[in-house]
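This is what each chain is made of:
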Amino acid sequence: MNDCVFCRIAAGDAPAVKVYEDDALCAFLDIRPIVRGHTLVIPKRHAAALADLDAELGAHVFRAGHRLALAIQRSSLAADGANLVLNDGTAAFQTVPHVHLHVIPRRHRDTLRVALGFLLRRPHDPIATAAAIRGGIAALDNEDNPGAGPHEGADE
Ligand code: 5GP
Ligand code: ZN
């Protein structure tokens, strides 16, 4: 049995609140978010560190993180920006040995809130938060492809 928790989440064998998924990657809410909407993007294929990750797959993971950051800005979470962070290796404080890109929504003048979030790491209504992010993804999809009709997850 695979003892990697992110592999189990990717396979649907461990619980997670997913906001996006395709054949190669999935994105889900961090269980101990720094701020509301803190999301992780992971490749489905196990890679412990960047050294183990196919570069094309890494580019795909970053592309998804890029789009999620924009989607969170377009969503009802109304972020003003984001920190995209990838901690590679224990020297860089990587704690889960399966590559993951953090997408951390930011607001103007939120420094105190983020500092507090680092200390508390409390979930913020994950179901509603995920629905909001899916709504932002649907809004972006709709802008890219107007007239294509409602998208799955556009439940905001
Ligand atoms: P790292 O320090 O390795 O870059 O961050 C690992 C992140 O994974 C942390 O923010 C932590 O809260 C999150 N995390 C650890 N285990 C789980 C889990 O089982 N489910 C989810 N959703 N997030 C997790
Ligand atoms: Zn894994």
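Not measured: the values here are computed from a predicted model.

### Notes on the environment of Leu86
- With respect to the helices, strands and loops of the structure, Leu86 is situated in the loop between β4 (81–85) and β5 (101–106).
- Under the relative-accessibility criterion, Leu86 is labelled partly exposed at 33%.
- The spacing of Leu86 and Ala49 is 37 residues in sequence and 10.0 Å in space, taken between C-alpha atoms.

### Considerations on the site of ligand 1
- Taken together, 17 residues surround ligand 1, and among them Asp30, Phe93, Thr95, His100 and His102 come closest.
- Contact between ligand 1 and Phe93: an oxygen atom at 2.9 Å from a main-chain N or O atom of the residue.
- Arg121 places a side-chain nitrogen or oxygen 2.9 Å from an oxygen atom of ligand 1.
- Here ligand 1, which alone exposes 520 Å², has 84% of that area covered by the protein.
- Taken together, the elements giving at least two residues each to the shell around ligand 1 come down to α1 (5–11) and β2 (25–29).
- Along the lines of polarity and charge, the residues of the shell around ligand 1 split into nine nonpolar, five polar and three charged.

### What about the packing of helix α2 (residues 55–74) against helix α4 (residues 126–144)?
- Closest axis-to-axis distance for the α2/α4 pair is 7 Å, and the angle between their directions is 100°. When the interaxial angle is binned, α2 and α4 end up roughly perpendicular. Here α2 contributes Arg67, Leu68, Leu70, Ala71, Ile72 and Arg74 to the contact with α4, which in turn contributes Ile133, Gly136, Ile137, Ala139, Leu140, Asp141, Glu143 and Asp144.
- Split by residue class, the contact of α2 with α4 holds eight nonpolar, one polar and five charged.

### As for the coordination of the zinc ion (ligand 2)
- Protein ligation of the zinc ion (ligand 2) involves Cys4 (SG), Cys7 (SG), His46 (ND1) and His98 (ND1), the donor distances falling in the range 2.0 to 2.3 Å.
- Here the zinc ion (ligand 2) is ringed by four donor atoms whose angles at the metal span 104 to 118°, and the overall shape comes out tetrahedral.
- In the primary structure, the donors to the zinc ion (ligand 2) are separated according to the pattern C-x2-C-x38-H-x51-H. The residues Cys4 and Cys7 share a single accessibility class, namely buried.

Thresholds applied
Residues numbered from 1 in each chain as written. Chains lettered and ligands numbered in written order. Predicted model: local features only at pLDDT ≥ 70, side-chain atom pairs only at ≥ 80, totals over all residues. Heavy atoms only, no water. Helix = DSSP H or I, 4+ residues; strand = E, 2+ residues; numbered from the N terminus. Buried < 20%, exposed > 50% of the residue type's maximum accessible area, 1.4 Å probe, protein only. Near = heavy atom within 4 Å. Polar contact = N/O pair within 3.5 Å; in protein donor to acceptor, adjacent residues only side chain to side chain. Areas by Shrake-Rupley, 256 points an atom, 1.4 Å probe, with all protein chains shown as cover. Nonpolar A, V, L, I, M, F, W, Y, C, P; charged D, E, K, R; others polar. Axes fitted to C-alpha atoms, helices over the stretch in contact; angles between N-to-C directions. Parallel < 35°, antiparallel > 145°, perpendicular 65-115°, else oblique. Contact = heavy atoms within 4.5 Å. Donors = N, O, S within 2.8 Å, 3.2 Å for Na, K, Ca; no water. Tetrahedral: all angles 85-135°; square planar, octahedral: opposite > 155°, others 65-115°.

Treat this as a map of the structure, not an account of what it does.
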